[in-house]
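Summary of structural features
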Amino acid sequence: MTRAAPGLALAGVGVAVSLAAHRAFPDLPPLVLCVALGVALANLAHVPGGAAPGLKVAAGPVLKLGVVLLGLDLVFPDILALGFRALLVVVAVVAITFFGTRWAGRRLGISDDLSLLVATGFS
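To start, this report covers the structure provided alongside it. Note that the structure is a prediction, hence the values are computed from the model and not measured. Numbering of residues starts from 1 in every chain and runs along the sequence as written. Local features in a predicted model are, by the rule used here, given only for residues with pLDDT of at least 70; side-chain atom pairs are given and counted only at 80 or more, and totals for whole chains, interfaces and linings are based on all residues. The side-chain values count all of the structure's non-hydrogen atoms but skip hydrogen atoms and water molecules.

A short note on the packing of aromatic side chains
Stacked, edge-to-face and tilted are the three classes for Phe, Tyr and Trp ring pairs, Trp counted by its six-membered ring, which pair at centre distances within 6.5 Å; planes under 30 degrees apart are stacked, over 60 edge-to-face, the rest tilted. Following the criterion strictly, the structure yields one aromatic pair and no others. When the centroid spacing of 5.1 Å and the interplanar angle of 85° are considered together, the rings of Phe98 and Phe99 count as edge-to-face. Partly exposed residues are those whose accessible area sits between 20% and 50% of the maximum for their type, while under 20% is buried and over 50% is exposed, using a 1.4 Å probe and protein chains only. When its relative accessible area of 21% is taken as the criterion, Phe98 is described as partly exposed.

As for empty space enclosed by the protein
Within this scheme a cavity is a closed region of a 1 Å grid, computed over the protein atoms alone, that accommodates a 1.4 Å probe without allowing it to escape, whereas a pocket is open but has protein on both sides within 12 Å along at least five of seven lines; lining residues each have an atom within 4 Å of a point. Grid points are joined across faces, edges and corners, and a volume is the space filled by probe spheres set on the points. Summed over the entire model, instances satisfying the criterion amount to one cavity of 30 Å³ or more. If you add up the space inside the largest cavity, you get close to 80 Å³. Forming the boundary of the largest cavity are ten residues, of which Leu31, Val35, Val67, Val118 and Phe122 lie nearest the centre. Runs of H or I in DSSP of at least four residues are treated as helices and runs of E of at least two as strands, each being numbered from the N terminus. Contributing elements (two or more residues each) for the lining of the largest cavity: helix H2 (30-44), helix H3 (52-72) and helix H6 (112-122). When its residues are assigned to classes, the lining of the largest cavity shows nine nonpolar, one polar and no charged. Here the term charged refers only to Asp, Glu, Lys and Arg, the term nonpolar to Ala, Val, Leu, Ile, Met, Phe, Trp, Tyr, Cys and Pro, and the term polar to all other amino acids, Gly among them.

Structural notes on the packing of helix H5 (residues 84-108) against H6
Helices that pack against each other are described as a pair by the angle of their axes relative to one another and the distance between those axes. What counts as an axis is a line fitted to C-alpha atoms, over the stretch in contact for a helix, and the angles between N-to-C directions run from 0 to 180 degrees. Where H5 meets H6, the closest approach of the two axes is 8 Å, and the angle between their N-to-C directions is 150°. Considering their axes alone, H5 and H6 lie roughly antiparallel with respect to each other. Once H5 is placed against H6, the crossing between them reads as right-handed. Where H5 abuts H6, its residues Thr97, Phe98, Thr101, Arg102, Gly105 and Arg106 lie against Asp112, Ser115, Leu116, Val118, Ala119, Thr120 and Phe122. Class assignment of the residues belonging to the contact of H5 with H6 gives a composition of five nonpolar, five polar and three charged. Angle categories: roughly parallel below 35 degrees, roughly antiparallel above 145, roughly perpendicular from 65 to 115, and oblique for all the rest. Here a crossing is called left-handed whenever its near helix is offset anticlockwise from the far helix by less than a right angle, and right-handed whenever the offset is clockwise. Contacts are assigned to residue pairs that have any heavy atoms within 4.5 Å of one another.

Comments concerning a nonpolar patch on the surface
Taken together, the side chains of Leu108, Ile110 and Leu114 make up a nonpolar region of the molecular surface, amounting to roughly 270 Å² of accessible area. You can see Leu114 is positioned in helix H6. Only residues whose relative accessible area exceeds 30% and that form no salt bridge enter a patch; like-charged residues are grouped when within 9 Å of one another, and nonpolar side chains (Val, Leu, Ile, Met, Phe, Trp, Tyr) when within 5 Å. Only the protein chains shown count as cover for residues, and all accessible areas are computed by the Shrake-Rupley method using a 1.4 Å probe. When a carboxyl oxygen of Asp or Glu is within 4 Å of a side-chain nitrogen of Lys or Arg, the pair counts as a salt bridge.

As for the layout of surface pockets
By volume, the largest pocket amounts to about 1,200 Å³. Around the largest pocket sit 39 residues that line it, and Cys34, Val35, Gly38, Val39 and Leu63 are the ones nearest its centre. Elements with a contribution of two residues or more to the lining of the largest pocket: helix H1 (5-24), H2, H3, H5 and H6. Each residue belonging to the lining of the largest pocket can be placed in one class, and the counts come to 30 nonpolar, eight polar and one charged.

Structure (structure tokens):
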């Protein structure tokens, strides 16, 4: 666990920044902000090698848990209360978002597992 501490601390800073940004812009989900921040930092800044074990934990089971919790934020009775037409629109948007994200993931060269994870979370 001590090997993972630096990376988990770095991920924790990312979470804090994302939560602060969410408070400033409430319409932006903190998990989406956190993932975007992580992608940006991984591609634009040097991440210390000692952070790798903790970042691997953060990008694996912790991220999966976050996606599940993001999905639980959706309240099904509220959707059903919208009516049949609105339900069809919701299903269409979810399907388009899911398959569009999977397509974009393949085009960007992202692994199938990560593409599936992101597509499931966003849709």
